[in-house]
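A closer look at the structure
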Amino acid sequence: MTNADLSFLKLSGRGNAYRVQEVINSHLSHSGKMMRPKIIEIFGLIFNLEKEKQYLIARSAELIHTASLIHDDVVDEADTRRGELTLHKKTTNSRAVLAGDFLLARVISELVSAGEYEILRTISEALEDIVEGEFLQDQLKIKGTNSKEELIEVSRKKTGALLAWCCSSVAQVAGAQENIVKKCHLFGEKIGVAFQMIDDNLDFSSVSGKDKHKDLQDGLINFTTLNLLKRYPELYYVVHQMRGSQFSDGPWSSQQIEEAQNDTKEEVDFILNEAKVLFAEITMSSNTENILEITQEVFNFIDQIKERTK
Ligand code: FPP
Ligand code: MG
């Protein structure tokens, strides 16, 4: 389960008569950060979960994650992701939506084949949350104004739910106590919210591999824009006028954006610290030998979330 080795994600078997799998497999070769498999591997060590089960959870998470991004790029009408054309740009909107559906169906059949019904139930709930998060976000785009609490709720659902599932399902399958499973869920959720807040910073970047200013162009006032308007309320009117329109440059200076991005990073820091405390509490119940090294590795990983540029 490394960045270089994506073979564990490839689809094979039934369902290639009309090249659906072929389209998906070639898309899967454009690797993401593989953040979920890395977290699952770490939690696998903490809960001493056999490799085969770790793979099943990691594959399910990555396939659902891929499906949701394929759908998301159709919804957001995004042209690029990971520095590449999005799947709907390479094919068509309908084929991209169908490819996402195929991935979802494959995850269900693999979890059923493995007899993992409980985590099939919880991944279905996570997917419901993801869709709810997208629904709320869509409503906010139309409403035009939103609070930080509303944005946190969107992030908790659209990004936090799957990471929460990754962590909690390892604990669940390994037979951990219910209160520990819950802590794992909360840890993943916090990581997801923090990740999404940095994603909002990167919406103002030209090196992220994704379209720039997509959120505001789609009508969404994201975390960073909200922080910008808090510092510079004089920009409020013109920024709101720009919502939903195509533009290349905003009325802000690079220094103003940097300040807003730093405000977001400070809030992210707070959430990531809460995640570190949760992680420390989770490891208290583990009898894994090298827990100090694992904790250090996780804390480094957590710190990288704040500093990422892609
Ligand atoms: C990225 O948000 C989007 C998500 C994390 C979730 C999108 C989910 C759906 C569209 C529903 C998927 C449904 C099924 C059945 C698979 P973003 O647009 O803020 O991030 P980006 O900058 O990476 O595009
Ligand atoms: Mg998007």
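Use the structure listed above.
Let me begin by describing the structure that accompanies this report. Given the structure is predicted, the values throughout are model-derived calculations rather than measurements.

**Focus: the side chain of Gln54**
Position of Gln54 relative to the elements: it lies in helix α3 (residues 51-75). Looking at Gln54, its side chain comes within polar contact range of the main-chain oxygen of Leu49, at 2.8 Å.

**Here we look at the packing of aromatic side chains**
Tallied over the full model, the rule gives eight aromatic pairs. Note on Phe187 and Phe279: the rings are 5.6 Å apart at their centroids and 45° apart in plane angle, and the pair reads as tilted. Of this pair, Phe187 sits in helix α8 (residues 178-202) while Phe279 sits in helix α12 (residues 254-283), and the two are 92 residues apart along the sequence. On the basis of relative accessible area, Phe187 is assigned to the buried category, the value being 2%. Relative to Phe299, the ring of Phe279 has its centre 6.3 Å away and its plane inclined at 65°; by these criteria the two rings are edge-to-face. One end of the pair, Phe279, is in helix α12; the other, Phe299, is in helix α13 (residues 291-307), with 20 residues separating them in the sequence. An aromatic cluster of three or more residues is present, and its members are Phe43, Phe47, Phe187, Phe279 and Phe299.

**Some points on the site of ligand 1**
Taken together, 14 residues sit near ligand 1, with Asp72, Asp76, Arg81, Lys158 and Lys210 positioned nearest. In this structure, an oxygen atom belonging to ligand 1 sits 2.6 Å away from a side-chain N or O atom of Lys158. Here Gln196 contributes a side-chain N or O atom positioned 3.3 Å from an oxygen atom of ligand 1. When the free accessible area of ligand 1 is taken as 640 Å², the share hidden by the protein chains comes to 87%. Those elements that place two or more of their residues in the shell around ligand 1 are α3, α6 (117-143), α7 (148-173) and α8.

About the thresholds
- Residues numbered from 1 in each chain as written.
- Chains lettered and ligands numbered in written order.
- Predicted model: local features only at pLDDT ≥ 70, side-chain atom pairs only at ≥ 80, totals over all residues.
- Heavy atoms only, no water.
- Helix = DSSP H or I, 4+ residues; strand = E, 2+ residues; numbered from the N terminus.
- Polar contact = N/O pair within 3.5 Å; in protein donor to acceptor, adjacent residues only side chain to side chain.
- Phe/Tyr/Trp six-rings, centres within 6.5 Å; stacked < 30°, edge-to-face > 60°.
- Buried < 20%, exposed > 50% of the residue type's maximum accessible area, 1.4 Å probe, protein only.
- Near = heavy atom within 4 Å.
- Areas by Shrake-Rupley, 256 points an atom, 1.4 Å probe, with all protein chains shown as cover.

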